[in-house]
Amino acid sequence: MKHVIPVSPSFQPPIRNENKLKLGLFGPNCSGGLAPTTVPERWRNTWENNLALARMADDAGLEFLLPIARWIGYGGKTDFHGSVLDSMTWAAGLLASTKHINIFATVHTAVHHPVVIAKQIATLDQIGNGRVGLNVVVGWNPPEFQALGISLPVDRTSRYTLGQEWLDIVVKLWYGPGPFDWNGQHYQLQRVYSEPRPIVSPIPIFNAAISAEGREFAIRNAEYLFTAAIDLRTAREDIRALKANADKLGRRAGALTFCYVVCRPSAKEATEYHRYYAQQHTDHDAVDRLIDTMLPHSKTLPATVQAIIRNNFAGGHGGRALIGDPDMVADGLEAISATGFDGTTLAFVDYAGEFPYFRDEVIPRLERRGLRRPFRPHIDGNSAAAATRQCATYQTA
Ligand SMILES: Cc1cc2nc3c(=O)[nH]c(=O)nc-3n(C[C@H](O)[C@H](O)[C@H](O)COP(=O)(O)O)c2cc1C
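Residues numbered from 1 in each chain as written. Predicted model: local features only at pLDDT ≥ 70, side-chain atom pairs only at ≥ 80, totals over all residues.

Draft legend 1. Representation of the environment of A330. Position of A330 relative to the elements: it lies in helix α11 (residues 326-339). Accessibility expressed as a C-beta count within 10 Å gives 24 for A330, which makes it buried. Placed 267 residues apart in sequence, A330 and E63 show a C-alpha to C-alpha distance of 17 Å. Those residues in contact with A330 that sit more than four places away from it in its chain are V362, R365, L366 and R369. (Helix = DSSP H or I, 4+ residues; strand = E, 2+ residues; numbered from the N terminus. Buried ≥ 20, exposed ≤ 12 C-beta atoms within 10 Å, placed from the backbone. Contact = placed C-beta atoms within 7 Å.)

Draft legend 2. Quick look at the confidence of the model for the protein chain. Residues with a pLDDT of 70 or more make up 92% of the protein chain, whose mean pLDDT is 92. Every residue in residues 1-6 scores below 50 in pLDDT, and together they form 15 contacts with partners more than four places removed in sequence or on other chains. (pLDDT = per-residue confidence, 0-100.)

Draft legend 3. Inspection of the packing of helix α1 (residues 47-60) against helix α2 (residues 87-97) at higher detail. With their axes 10 Å apart at the nearest point, α1 and α2 run at an angle of 45 degrees to one another. Our classification of the angle between α1 and α2 gives oblique. For α1 against α2, the interelement crossing comes out right-handed. From α1, W47, N50, L51, A54 and R55 reach across to α2, where they touch W90, G93, L94 and S97. Broken down by class, the residue content of the contact of α1 with α2 amounts to five nonpolar, three polar and one charged. (Axes fitted to C-alpha atoms, helices over the stretch in contact; angles between N-to-C directions. Parallel < 35°, antiparallel > 145°, perpendicular 65-115°, else oblique. Left-handed = near helix turned anticlockwise from the far one by under 90°. Nonpolar A, V, L, I, M, F, W, Y, C, P; charged D, E, K, R; others polar.)

Draft legend 4. Main features of helix α12 (residues 351-368). In this model, α12 (18 residues) spans 24 Å end to end at C-alpha, consistent with the 26 Å of a helix rising 1.5 Å per residue. Along α12, the sharpest kink reaches roughly 40 degrees, centred on R359. Listed as buried for α12 are Y351, A352, E354, F355, F358, V362, I363 and L366. Packing partners of the buried residues in α12 comprise β2 (22-26), α1, β10 (254-263) and α11. (Expected span 1.5 Å × (residues − 1). Bend = angle between axes of the 7 residues up to and from the residue.)

Draft legend 5. Representation of unusual backbone geometry in the model. Following G178, the chain continues to P179 via a peptide bond in cis, the omega torsion being -5 degrees. Note that P179 resides in the loop between α5 (156-175) and β6 (180-183). Following S201, the chain continues to P202 via a peptide bond in cis, the omega torsion being -5 degrees. Among the secondary structure elements, P202 is positioned in the loop between β7 (188-192) and β8 (205-208).

Quick look at the structure:
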């Protein structure tokens, strides 16, 4: 006998709220966060720090927390990302310890078995009363896959073909009839099913990617493409095309990007701090490795462009820089929204130390500019648990 616990139609995960500019935190499960720097206050990704940060974000009404899936670090003095809290178990702990916020798990399609992931996500959905999300990554980093002894499909098309089959299985396990047999290119499954089903339908899905193939994958499968915003003019056109192509398929796809923030009372203080951690105390070897793996062809670019890339990766892993006083940071966020992005993630050198200033100074400015509504925990934070109490459990076929 199979049970699906429906949630009240009034329940929507926070990522589907009305805020024009959705905000999340990205990467606090990794040592160094997004900043390959040697400064002593660089982010320590302990559970204690993650828990404190998640509770602050939850209370502030942020929409989501997003971990990085990473298996080995980038070396350098700090072995940037050498220590990483596993994304699934991190999500489980945080879902159990927060009330309102969506918590995503980031999952490599080439590494994890889809039947295991379908069950883990459905379990997380119960732990968080409907607040889990799945961030799909197809993988790109050869040394990481070598470390795991898993062969990463050589070309992008093959990676996304595998990713598509993987996600089709997950979604069928969540919402399709079962048990079923699956005879695919990568998976052959017999009489498979997965109970419990998720309580939220559909589970929010992100796809983190940059390429055209990645965007196509997002259009077919994701609620949001999570991508870089290197040049806002190009991004505007890409987002317009993303939304139009999704529309043609009768789907809705949005776009999120990632930023790093240095917000201080004055622009001078912010610029000086950025210079201190990202230029004077760069973990140079880690930055080199990061750029070599993520942008292997960058050495063919003009020196000025290479310098910009280096600065950007040293500051925040290639994310968009938001450096300045609260007005300037709010301006930067408004520009992201005006480009067509539905939201962005944020990262700080010391997330827990710096987030309160952002919360107190920048979020109210975003509210005054109509990009966000003040958080109303009793209304916006209705968890599916409260909603499900109003609904009877029903049986599927
Ligand atoms: C914003 C963003 C976040 C990403 N997060 C991760 C991650 O946590 N772990 C990972 O292995 N890859 C991550 N990736 C890499 C992508 O999943 C993908 O493998 C890579 O971008 C190559 O695919 P593409 O050529 O389609 O962009 C991320 C990419 C982007 C743009």
